[in-house]
Amino acid sequence: MIAPPDRTPLPRDFFDRPVLEVAPDLLGRILVRTTPDGPIALRLTEVEAYDGANDPGSHAYRGRTPRNAVMFGPPGHVYVYFTYGMWHCMNLVCGPEGRACAVLLRAGEVVEGIESARKRRPSARADRELAKGPARLATALEVDRALDGTDACAPGETPLRILAGAPVPADRVRSGPRTGVAGEGGNGELHPWRYWVADDPTVSPYRAHVPKRRRS
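This write-up is about the structure you can find in this document. (Residues numbered from 1 in each chain as written. Predicted model: local features only at pLDDT ≥ 70, side-chain atom pairs only at ≥ 80, totals over all residues. Heavy atoms only, no water.)

The next thing to look at is the pairing of strand E7 (residues 160–165). Burial within E7 is extensive, with six of its six residues counted as buried. Pairing of strand E2 (residues 30–35) with E7, which is carried by four bridges, proceeds in the antiparallel orientation. Residue Leu31 lies in a different strand from E7, and its bridge partner there is Ile162. (Buried < 20%, exposed > 50% of the residue type's maximum accessible area, 1.4 Å probe, protein only. Helix = DSSP H or I, 4+ residues; strand = E, 2+ residues; numbered from the N terminus. Pairing = 2+ DSSP bridges.)

Moving on to the nonpolar core. Residues Phe15, Leu26, Leu31 and Leu105 are the most contacted members of the largest nonpolar core, which totals 42 residues. A per-element tally of this core places strand E3 (residues 38–51) first, with five residues. Look past the residues within four positions of Phe15 in its chain and what remains in contact with it is Leu10, Val22, Leu26, Pro75, Gly76, Leu92, Val93, Cys94, Gly95, Cys153 and Ile162. If you look at the next biggest cluster of nonpolar residues, it comprises 13 residues, including Met71, Tyr79, Cys89 and Ala100. (Core = buried A, V, L, I, M, F, W, Y, C linked by side-chain atoms within 4.5 Å. Contact = heavy atoms within 4.5 Å.)

This part is about the pattern of salt bridges. In the structure shown here, the tally under the stated rule is 17 salt bridges. Between Asp151 and Arg12 there is a salt bridge whose closest N-O contact spans 2.8 Å. Of the two residues, Asp151 sits in the loop between helix H4 (134–140) and E7 while Arg12 sits in helix H1 (residues 12–15), which places them 139 residues apart along the sequence. Residue Arg99 pairs with Asp51 through a salt bridge whose shortest N-O separation is 3.5 Å. Taken together, the positions of Arg99 in the loop between strand E5 (87–94) and strand E6 (101–112) and Asp51 in strand E3 put the pair 48 residues apart, joining distant regions of the chain. Residue class for Arg99 comes out partly exposed when judged on its relative accessible area of 37%. The network of salt bridges with common partners includes Glu46, Glu48, Arg106 and Arg194. (Salt bridge = Lys/Arg side-chain N within 4 Å of Asp/Glu carboxyl O.)

This is the structure we're talking about:
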């Protein structure tokens, strides 16, 4: 008999660990977004780790700015950024305060509030595509910059919370280069910090970094 997912909220000390420990441990956890229409719950199936000053791919690599300030802690807060002039992406801050580490939430399976998610993602051809990719995930959950800095570990009501869920066994966790992030050789080979659930249909396709062409 399979036990139901644990609805216990994850405590702050879960996030107060090295980012490469937190990222794979988030797989199978449940992200709950509280909306006026009711809650939308998502089982996390794909994430990416970003390690601050040690990571050229991180928004915090060159230090603190007004945009990335939330990344510097405390852990357990939500970092939301706007990209390509049209999309939002959601991260969970982790590691010791001041270190600026975060985990990008790349994909998941909507397990509650699916009708609400469909309204926000009418172009999805199937339910497995509702949150298949970080921008789609944020759109399905109605996450934007207004939620930047939200404390997902705060007591009482909060618009975003992470529940214990059902952690994914180690033999079902896969890792590889992060999507679209450059590294030595161009594909982020030195940073295989993307983690996903093996054979899960909600996981997004990998796309290598494409260097910009220089104008002649």
